[in-house]
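Below, each chain spelled out in residue letters.
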Amino acid sequence: VLHTTRPLHTTQQSLAPVPPLPEKGGEVRHGLIPEEFFQFLYPKTGVTGPYMLGTGLLLYLLSKEIYVVNHETAAAACILTVIIYGIKKFGPDVAAFADKLNEEKMATAMAMKNESIQTLQTAIEQEKKEQWRAEGHSFLFNAKRNNIAMLLEANYRERLLMVYNEVKKRLDYQVAMQNLKRQKEQDHMIQWVEKNVVQSITPQQQKESIAKCILDLKALSKTAHAAV
Amino acid sequence: GPLSARPLMEVRLGELHTWISTCNFSPQGLLGAAQRAFSSYCAKYIHVKQGGPAGISMLLAGYCLLSYGWNYQHFSKNSLDSLI
């Protein structure tokens, strides 16, 4: 069950980013005594107070034999000398080496961070480009719709033409049939009439017509002779 | 802030008595106090960008003093007045 009414992040505290480490540690004098001790004694005894305290304490310990001087004291003195000499001589080099290691770590971390920031920014730009492209989709769809409409129109007109042609062919056929029939009837009638007329010319009529023609010709020749 | 919530360094000498009375001396309290002390020492002298020899040298010096204190009997046997 998720309590949606429970408030989240009520305090300002957050675990990241981690606050950076302080640059320098607490001040320590002679490598052993923190500076706060000297500041603590400064108002009452001035600058030399802690040193006087240290010398007095040392002499007291030695004289009362609370600190016993034996062979280990000599060993401790030699060891301390060597240690201090080593620190004074090789200290800065070791410090530089450690700083270099730190710098390399920081550089790799920063490089990773910058790289991821770069990739995210390129991703943002590409996303914006995709959004711009999506706006142009409407134009694309309009063009496609127009194409399809044109195809449909062309197909429809083609079929219309085909229908027209077929119907015209059938009608032409009917017209041609009627013409042929009339022609045949006409020819047949003419032939029949001619045949009957030829048959009706009897020999008697033929002789009369020939005699008439001869008479006409004679008359004509007479008039022609007269004209000449 | 209130007296019981202040760290030892910020308590004045006159108030030390009352401050000790407000301390928690149970095992958990002592353990917590030791942990807090060590973590504050680390944060001040060790977890810094440019620490020096002071961080561990103070710990080593404290160890030397402590071990001298534990073995005082043995040391004083070989001293000039070795009646102990």
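Higher on the page you've got the structure.
Cut-off values and rules
Starting afresh in each chain, residues are numbered from 1 along the sequence in its written order. Each chain takes a letter, starting from A, and each ligand takes a number, starting from 1, following the order in which they are written. Confidence filtering applies because this is a predicted model: local features only for residues at pLDDT of at least 70, side-chain atom pairs given and counted only at 80 or more, and all residues used for totals across whole chains, interfaces and linings. Side-chain measures here rest on the full set of heavy atoms in the structure, leaving out hydrogens and waters. Put simply, two rings from Phe, Tyr or Trp (the six-membered ring, in Trp's case) pair if the centres are within 6.5 Å, and we call them stacked under 30 degrees between planes, edge-to-face over 60, tilted for the rest. Strands here mean DSSP runs of E at least two residues long; helices mean DSSP runs of H or I at least four residues long; both are numbered from the N terminus. The buried label applies to any residue whose accessible area, calculated with a 1.4 Å probe on protein chains only, is under 20% of its type's maximum; exposed applies above 50%, and partly exposed to all values in between. Placement of a charge over a ring requires the Lys NZ or Arg CZ to be within 6 Å of the ring centre, with the centre-to-atom vector within 35 degrees of the ring normal. Two residues form a contact once any of their heavy atoms are found within 4.5 Å. Summed over both partners, the accessible area (1.4 Å probe) lost when two parts come together is defined as the buried area. Salt bridges are defined as contacts in which a side-chain nitrogen from Lys or Arg sits within 4 Å of a carboxyl oxygen from Asp or Glu.

**Notes on the packing of aromatic side chains**
Link 1 in the chain: Scanning the model with the defined rule gives 6 aromatic pairs over all chains in all.
Link 2 in the chain: A ring pair is formed by A:Phe38 and A:Tyr51, whose centres lie 5.7 Å apart and whose planes are at 55°; its orientation type is tilted. A residue pair is termed long-range when its members are at least 10 positions apart, and A:Phe38 in helix H1 (residues 35-45) and A:Tyr51 in helix H2 (residues 49-63) qualify at 13 residues.
Link 3 in the chain: A relative accessible area of 36% places A:Tyr51 in the partly exposed class.
Link 4 in the chain: With centroids separated by 4.8 Å and ring planes inclined at 20°, the aromatic side chains of B:Tyr68 and B:Phe75 adopt a geometry described as stacked.
Link 5 in the chain: On the accessibility criterion, B:Tyr68 (19% relative accessible area) is buried.
Link 6 in the chain: With a relative accessible area of 10%, B:Phe75 lands in the buried category.
Link 7 in the chain: The ring centre of A:Phe38 lies 4.1 Å from the NZ or CZ of A:Arg29, which sits over that ring.

**Regarding unusual backbone geometry**
Residues and elements named next belong to chain A.
Link 1 in the chain: Even without a glycine there, the phi angle at His30 is positive, about 55°.
Link 2 in the chain: Position of His30 among the secondary structure elements: in the loop between strand E1 (28-29) and strand E2 (33-34).
Link 3 in the chain: On the accessibility criterion, His30 (60% relative accessible area) is exposed.
Link 4 in the chain: Although it is not a glycine, Glu65 adopts a positive phi angle of roughly 55°.
Link 5 in the chain: Following the sequence through the fold, Glu65 ends up in the loop between H2 and helix H3 (71-135).
Link 6 in the chain: Take Glu65: its relative accessible area is 16%, and that puts it in the buried class.

**Some words on the side chain of A:Glu35**
Link 1 in the chain: Following the sequence through the fold, A:Glu35 ends up in helix H1.
Link 2 in the chain: Setting aside residues up to four positions removed in sequence, A:Glu35 forms contacts with A:Glu27, A:Val28 and A:Arg29.

**Quick word on the interface of chain A and chain B**
Link 1 in the chain: With 20 residues of chain A in contact, the opposing surface of chain B contributes 18 residues.
Link 2 in the chain: For the chain A and chain B pair, buried surface summed over both sides reaches about 1,700 Å², with 55% attributable to carbon and sulfur atoms.
Link 3 in the chain: Linking chain A with chain B are 2 salt bridges, by the criterion used here.
Link 4 in the chain: The salt bridge involving B:Lys49 is made with A:Glu23; its shortest N-O contact spans 3.2 Å.
Link 5 in the chain: Among the elements that take part in the side of chain A that touches chain B, H3(A) stands out by supplying 3 residues, more than any other.

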